[in-house]
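The primary structure of each chain is shown beneath.
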Amino acid sequence: MAVADPQLDADGNLKHFLTVEGLGRGLLTEILDRSEGFLGVVQQAVKKVPLCRGKIVANLFFENSTRTRTTFELAAKRLSADVLNLNIGTSATAKGETLLDTLRNLEAMHVDMFVVRHADSGAAHFIAAHAAPHVSVINAGDGRHSHPTQGMLDMFTIRRHKGAFEPLVVAIVGDVLHSRVARSQIAALNRLGTGEVRVIAPRTLIPSRAEEALGVRVFHDLRDGVRDADVIILLRLQRERMDGGFLPSEHEYFHLFGLTEKRLASAKPDAIVMHPGPINRGVEMDSRVADGERSVILEQVSNGLAVRMAVMSMCIGTQNLAANAGVHEGGHG
Amino acid sequence: MFKDAAEVETAIDAMADRLKTLFAARGIERPLMIGIHTGGVWVAQRLHALIGLRDPLGLLDISFYRDDFTRIGLHPQVRPSHLPEPVDDRHICLVDDVLQSGRTIRAALNVLFDYGRPASVLLAILADRDGRELPIEPNVTGLKAELAPGEQIKLTGPEPLVLERGQTPKERRRSAAPGGQGEASD
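Residues numbered from 1 in each chain as written. Chains lettered and ligands numbered in written order. Predicted model: local features only at pLDDT ≥ 70, side-chain atom pairs only at ≥ 80, totals over all residues.

## Considerations on the environment of Asp-175 of chain A
Turning to step 1, where the next piece is worked out: Relative to the assigned elements, Asp-175 of chain A resides in the loop between strand 5 (169–173) and helix 6 (180–191).
Turning to step 2, where the next piece is worked out: Spatially, the C-alpha atoms of Asp-175 of chain A and Arg-236 of chain A are 7.5 Å apart, while their sequence positions differ by 61 residues. (Helix = DSSP H or I, 4+ residues; strand = E, 2+ residues; numbered from the N terminus.)

This is how it looks when you write it as structure tokens:
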């Protein structure tokens, strides 16, 4: 037996969602299947389901991200949970309160779930390890480590367009070295049995020994890398990387690694183009590609809500099971 | 087996006749039929064809509205709801396979009202049995199931439709497999 995954309860149900790594294919598939069910909620006049009524979700964002926070907030609200948004940087910790004291205070307010974004790798694991047993933790991005809901919403988008993962060639373009999104995508793609996962980037932006360590094929030429690809995922180029000697300039990056209609032509004719947002037009890709018919970038945003609703309700459901362990089950007829 | 395929089809034929009579009596010219996943959808597909309804059949999943989420977590299988027509001001005919506690129908009404405000809702049930826990009664019933205390029935399908004597709900939940069966006690 492997060491127990801190994300799972004793029966293998998802309790925290901290990283894709270590989760089985069955559980990843379950997340995708459940997400399908939540897609339909937007067709309701009342775009809400009562699953998490009475639950409290606290967004703990130690690193600013309006977009990610908003999608988690909306997902929680569509589940009928109440949401607290805590901008930690400007509140208690700035007054000298430790992280654990902040957690204890929120737990005393009967918060049921923490959604955590932090600049340090491992922050969400740390919080999950120290949170009260009735609290679930969802990682909304930690350092360079993991961004599992983004990874799974990308898998969901791919599956909706392409069906099975086995025959697919998926090419990830950009700053793989610093990207928690890429790490989660690669882990999920491999676990779901994707035929070939490629990463395409300048040598400075790919971890050493990436082929063995990540289970990918490495390319340094965009046109070679996207040849016959079914899915092309562009990573956001973070501007702060420009100062670290990783890249000469944005212009240079676009010249070599920016996706244009012309370069896209060597991919499969029905290839889809994805990007986690926000896009730097004219850096990662040309506007014509971003707005073109292959682009599924806005679909990723809608799918992200369904996937986050699925993950949140699965974790809350696991907590409900734990709270009622031993209580006789009532029928639902 | 509780009722074989022929008995189930006979019961559904009778439901179709009773529904036609009921629609006529109430002056409902264009009812909107909605089946509850999974067994209810199978019954509704038969009724929809037998009555010859013009509007496409709606499909309703009640998993997100169940009252036992806080006790047993998320239902293993959620199939997307699909209501092809707006429900506002329409006369709805809700269809399910087995009516026992009434909790599924309570949940289905809540889903429906999150989609809009129907003019009226009728309930058609293939097999009505004892055990009601809520004030919900069907308008049309295919058959009355006389069962021993604790005994379960479930509809299997989609082809053929057979009412089987089932397991207890707990065993059923663990062994829930894709496709094969409806929900016994619902």
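## A closer look at the interface of chain B and chain A
Turning to step 1, where the next piece is worked out: Taken together, the contact pairs 29 residues of chain B with 24 residues of chain A.
Turning to step 2, where the next piece is worked out: Listing elements by their share of the side of chain B that touches chain A, those giving two or more residues are helix 3 (69–72), helix 4 (103–115) and helix 5 (169–174) of chain B. (Contact = placed C-beta atoms within 7 Å.)

## Concerning the domain arrangement of chain A
Residues and elements named next belong to chain A.
Turning to step 1, where the next piece is worked out: Split by domain assignment, chain A resolves into domain 1 (25–146 + 302–317) and domain 2 (148–296).
Turning to step 2, where the next piece is worked out: If you average the C-alpha positions of domain 1 and of domain 2, the two centres end up 26 Å apart.
Turning to step 3, where the next piece is worked out: Contact residues are listed per partner, giving 20 residues for domain 1 and 17 residues for domain 2.
Turning to step 4, where the next piece is worked out: Residue assignment for the side of domain 1 that touches domain 2 shows that the elements contributing at least two residues are helix 1 (25–39), strand 4 (136–142) and helix 12 (297–323).
Turning to step 5, where the next piece is worked out: Looking at the side of domain 1 that touches domain 2, its residues break down into 7 nonpolar, 8 polar and 5 charged. (Domains from an automatic or database assignment. Nonpolar A, V, L, I, M, F, W, Y, C, P; charged D, E, K, R; others polar.)

## Focus on the packing of helix 1 (residues 5–26) of chain B against helix 2 (residues 39–51) of chain B
Residue and element names in this part refer to chain B.
Turning to step 1, where the next piece is worked out: Where helix 1 meets helix 2, the axes come as close as 9 Å, and the angle between the chain directions of the two elements is 55 degrees. Between helix 1 and helix 2, the interaxial angle falls into the category oblique. Between helix 1 and helix 2 the crossing geometry is right-handed. Across from Ile-12, Asp-13, Met-15, Ala-16, Leu-19 and Lys-20 in helix 1, the residues of helix 2 making contact are Val-43, Arg-46, Leu-47, Leu-50 and Ile-51.
Turning to step 2, where the next piece is worked out: The residue inventory of the contact of helix 1 with helix 2, partitioned by class, reads 8 nonpolar, no polar and 3 charged. (Axes fitted to C-alpha atoms, helices over the stretch in contact; angles between N-to-C directions. Parallel < 35°, antiparallel > 145°, perpendicular 65-115°, else oblique. Left-handed = near helix turned anticlockwise from the far one by under 90°.)

## What to know about the sheet that holds strand 5 (residues 140–144) of chain B
Residue and element names in this part refer to chain B.
Turning to step 1, where the next piece is worked out: With parallel pairing, the 5 strands of this open sheet are ordered in space as 2-1-3-4-5. Strands at the two margins of the open sheet, each flanked by one partner only, are strand 2 (58–60) and strand 5. Pairs of neighbouring strands in the sheet enclose a mean axial angle of 25 degrees, with direction left out of account.
Turning to step 2, where the next piece is worked out: Both strand 1 (residues 32–36) and strand 3 (residues 91–99) contribute to a ladder of 4 bridges, which runs parallel. (Pairing = 2+ DSSP bridges.)

## Description of unusual backbone geometry
Turning to step 1, where the next piece is worked out: That bond from Gly-277 of chain A to Pro-278 of chain A is cis: its omega, -10 degrees, falls within 30 degrees of zero.
Turning to step 2, where the next piece is worked out: Residue placement: Pro-278 of chain A occurs in the loop between strand 9 (272–274) and helix 11 (287–290).
Turning to step 3, where the next piece is worked out: Following Gly-157 of chain B, the chain continues to Pro-158 of chain B via a peptide bond in cis, the omega torsion being 5 degrees.
Turning to step 4, where the next piece is worked out: Mapped onto the secondary structure, Pro-158 of chain B falls in the loop between strand 6 (153–156) and strand 7 (162–165).
Turning to step 5, where the next piece is worked out: Backbone geometry places Ser-80 of chain A, a non-glycine residue, at a positive phi of 70 degrees.
Turning to step 6, where the next piece is worked out: In this fold, Ser-80 of chain A is placed in the loop between helix 2 (66–78) and strand 2 (82–87).

## Some remarks on the pairing of strand 3 of chain B
Residues and elements named next belong to chain B.
Turning to step 1, where the next piece is worked out: Counting buried positions over the 9 residues of strand 3 gives 8, a clear majority of the element.
Turning to step 2, where the next piece is worked out: The pairing of strand 3 with strand 4 (residues 120–128) spans 8 bridges and is parallel. Residue pairing across strands places Ile-92 opposite Val-121, the latter belonging to strand 4.
Turning to step 3, where the next piece is worked out: In the classification by handedness, the crossover that spans strand 3, the intervening helix 4 and the parallel strand 4 is right-handed. (Buried ≥ 20, exposed ≤ 12 C-beta atoms within 10 Å, placed from the backbone. Right-handed = clockwise from strand over helix to strand, strands pointing away.)

## Thoughts on the sheet that holds strand 1 (residues 56–61) of chain A
All names here are of chain A.
Turning to step 1, where the next piece is worked out: Pairing is parallel across the open sheet formed by 4 strands, whose spatial order is 2-1-3-4. Of all strands in the sheet, those bounded by a partner on one side alone are strand 2 and strand 4. If you compare each strand with its neighbour and ignore which way they point, the axes differ by 15 degrees on average.
Turning to step 2, where the next piece is worked out: In this structure, strand 3 (residues 113–118) lies alongside strand 4, joined through 5 bridges in parallel fashion.

## What about the nonpolar core?
Residue and element names in this part refer to chain A.
Turning to step 1, where the next piece is worked out: Counting 145 residues, the largest nonpolar core has Phe-114, Val-173, Ile-232 and Met-312 as its most contacted members.
Turning to step 2, where the next piece is worked out: With 11 residues, helix 12 is the single largest residue contributor to this core.
Turning to step 3, where the next piece is worked out: Looking at which domains feed residues into this core, each of domain 1 (25–146 + 302–317) and domain 2 (148–296) gives three or more.
Turning to step 4, where the next piece is worked out: Setting aside anything within four residues of it in sequence, one finds Met-312 in contact with Cys-52, Ala-75, Ala-76, Leu-79, Met-113 and Ile-138. (Core = buried A, V, L, I, M, F, W, Y, C linked by C-beta atoms within 7 Å.)

## Some points on the environment of His-16 of chain A
Residue and element names in this part refer to chain A.
Turning to step 1, where the next piece is worked out: By the element assignment, His-16 lies in the segment before helix 1.
Turning to step 2, where the next piece is worked out: For the pair His-16 and Gln-319, spaced 303 residues apart in sequence, the C-alpha separation works out to 9.8 Å.
Turning to step 3, where the next piece is worked out: Residues within four places of His-16 in sequence aside, it is in contact with Pro-6, Gln-7, Ala-128, Ser-136, Val-137, Ile-138 and Cys-315.

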